[in-house]
Amino acid sequence: MRDIQTLEPQTSASVATIPAPVAAYVVDAYVYGWRDIQVTLPNGEQQWQRMPLTLDDVLHPQEEDMLMPTEEHERWRNYLYSVMTALLVDQPTAVILSDTNVAWDAPDIKSHRPDLSVIFNVRQLKNWSTFDVREEGTRPALIIEITSPKTRHVDLEAKFDEYEQVEVPFYVIIDIRQRKRGVTRELKGYHLTPDGYQALLPNAQGWLWLEPVGAWLGITNGAVVCYDQDGKLLENYAALTKAKKQAEARAAELEVRLHQLEEEQRRQSR
């Protein structure tokens, strides 16, 4: 295990033992995440040091950077990954990348790490740490970003401009915003036109049609949800597992009841 010199975020108890200005820095130092880098000390010894990430690192992270998403952010990302994987299960050249770096073929645009990238016409499946669109000969058809409170403007502004420049056909933002009266969640979707990104028009329910995956994306009772083309809710794995267990339990009850009825009929026929 490598020895890393770091200003690790502290517990409340340990922070209380150091001066307030220093404590505030220690707690907030890794608000965006961190990067472990190897440095050479004056004596020639090699040592790993942990460096806090900046907003620019959030926009253009390196492969090993550790970002700091919220629990809600991860919950929706995992849900969308599982649903979209199921939607495209019969398309062998389609790939859903979750929290994986994408390197572009535009010389002035550095790599991003979208929350979700939907990519078609992939020649060979690989264990990508970075998906290089020039090398792979294809690019994301749909990118979905889920905002976090401290970095939402990165998704709304910088990534909007840069995804437009690298010609991502569809860009959708799940915008989670903390307000005085509570948390709001809003969908913002865009499709690429010759004049740049144009807003996707929601349906009467406020859902956005995600053309590349053939499904609707909506927010219902504060939850991010997908629907098929007929408006049927696409459940997450936990909900499907619960429904399966309930169905199996009902089937077992019916089987017991059937045996009871058969036994009663045998007794009555004697």
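Structure: see above.
Described below are features of the structure shown in this document. Computed from a prediction, not measured in an experiment: that's the story for all the values here.

**Brief notes about the overall build of the chain**
Stage number 1. Within the chain one finds seven helices and 16 strands.
Stage number 2. With 270 residues in all, the chain has 37% of them scored as buried.
Stage number 3. Put simply, of all contacts in the chain between residues at least 6 apart along the chain, 53% involve residues at least 24 apart.
Stage number 4. With the model as given, the accessible surface of the chain reaches about 16,400 Å², and the carbon-plus-sulfur share is 51%.

**Topic: the layout of surface pockets**
Stage number 1. Roughly 420 Å³ of internal volume is contained in the largest pocket.
Stage number 2. Leu67, Met68, Pro69, Ser148 and Thr151 are, among the 25 residues lining the largest pocket, the residues nearest its centre.
Stage number 3. Elements that contribute at least two residues to the lining of the largest pocket include exactly β4 (66-67), α4 (71-87), β9 (140-146) and α6 (152-165).
Stage number 4. Taken together, the residues of the lining of the largest pocket sort by class into ten nonpolar, five polar and ten charged.

**Observations regarding the sheet that holds strand β12 (residues 196-199)**
Stage number 1. On the basis of which strands lie adjacent, the open sheet formed by six strands has the order β5-β7-β9-β10-β11-β12 and mixed pairing. Single-partner strands in this sheet number two, and they are β5 (95-98) and β12. Pairs of neighbouring strands in the sheet enclose a mean axial angle of 20°, with direction left out of account.
Stage number 2. Relative to strand β7 (residues 116-119), β5 runs antiparallel, the two sharing four bridges.

**Structural notes on the nonpolar core**
Stage number 1. Among the nonpolar cores identified, the biggest contains 33 residues, and Leu80, Ile144, Ile174 and Leu217 are the most heavily contacted of them.
Stage number 2. It is α4 that contributes the most residues to this core, five residues altogether.
Stage number 3. Apart from residues lying up to four places away in sequence, Leu217 is in contact with Leu80, Val172, Ile174, Leu187, Trp207, Leu208, Leu210, Val224, Val225 and Cys226.
Stage number 4. Judged by nonpolar contacts, the second largest core, of 19 residues, contains Val133, Phe160, Tyr163 and Val166.

**Details of unusual backbone geometry**
Stage number 1. Although it is not a glycine, Asn121 sits at a positive phi angle of roughly 60°.
Stage number 2. You can see Asn121 is positioned in the loop between β7 and β8 (130-132).
Stage number 3. Given the relative accessible area of 57%, Asn121 is considered exposed.
Stage number 4. Phi is positive for Asn221, close to 50°, though the residue is something other than glycine.
Stage number 5. Residue placement: Asn221 occurs in the loop between β14 (215-220) and β15 (223-227).

**Considerations on α6**
Stage number 1. Here α6 is 14 residues long and its end C-alpha atoms lie 20 Å apart, about the 20 Å a rise of 1.5 Å per residue gives.
Stage number 2. Of all the bends found along α6, the most pronounced is centred on Lys159 and spans about 40°.
Stage number 3. Those residues of α6 not exposed but buried are Arg152, Val154, Asp155, Lys159, Phe160, Glu162 and Tyr163.
Stage number 4. Buried residues along α6 sit against α3 (55-59), β9, β10 (170-179), β11 (182-193) and β12.
Stage number 5. Of the residues flanking the end of α6, it is Glu167, one or two places downstream, whose phi is positive at about 65°.

What counts, and where the lines are drawn
Chains are numbered independently. Their residues run from 1 in the order of the written sequence. Only residues with pLDDT of at least 70 get local features here, since the model is predicted, and only at 80 or more are side-chain atom pairs given and counted; chain-wide, interface and lining totals rely on the full set of residues. Neither water nor hydrogens contribute to the side-chain values; these are computed over all heavy atoms in the structure. Put simply, DSSP marks the helices as runs of H or I at least four residues long and the strands as runs of E at least two long, and each gets a number from the N terminus on. Think of it in three bands: with a 1.4 Å probe and only protein chains considered, a residue is buried below 20% of the maximum accessible area for its type, exposed above 50%, and partly exposed in between. In what follows, residue pairs with any heavy atoms lying within 4.5 Å of each other are defined as contacts. In short, Shrake-Rupley with a 1.4 Å probe defines the accessible areas, and a residue's cover is counted only from the protein chains shown. With a 1 Å grid laid over protein atoms only, a set of points is called a cavity when a 1.4 Å probe fits there but cannot get out and a pocket when it is open yet has protein on both sides within 12 Å along at least five of seven lines; lining residues have an atom within 4 Å of a point. Grid points are joined across faces, edges and corners, and a volume is the space filled by probe spheres set on the points. Residues were grouped as follows: Ala, Val, Leu, Ile, Met, Phe, Trp, Tyr, Cys and Pro as nonpolar; Asp, Glu, Lys and Arg as charged; and all remaining residues, including Gly, as polar. Between any two strands, at least two bridges found by DSSP are needed for them to pair. Axes here mean lines fitted to C-alpha atoms, for a helix over just the part in contact, with angles spanning 0 to 180 degrees between N-to-C directions. Within this scheme, the nonpolar core is defined by two criteria: the residues are buried Ala, Val, Leu, Ile, Met, Phe, Trp, Tyr or Cys, and they are joined through side-chain atoms within 4.5 Å. Helix span, as expected, comes to 1.5 Å for every residue beyond the first. Bending is quantified residue by residue as the angle between axes fitted to the seven-residue window ending at that residue and the seven-residue window starting at it.

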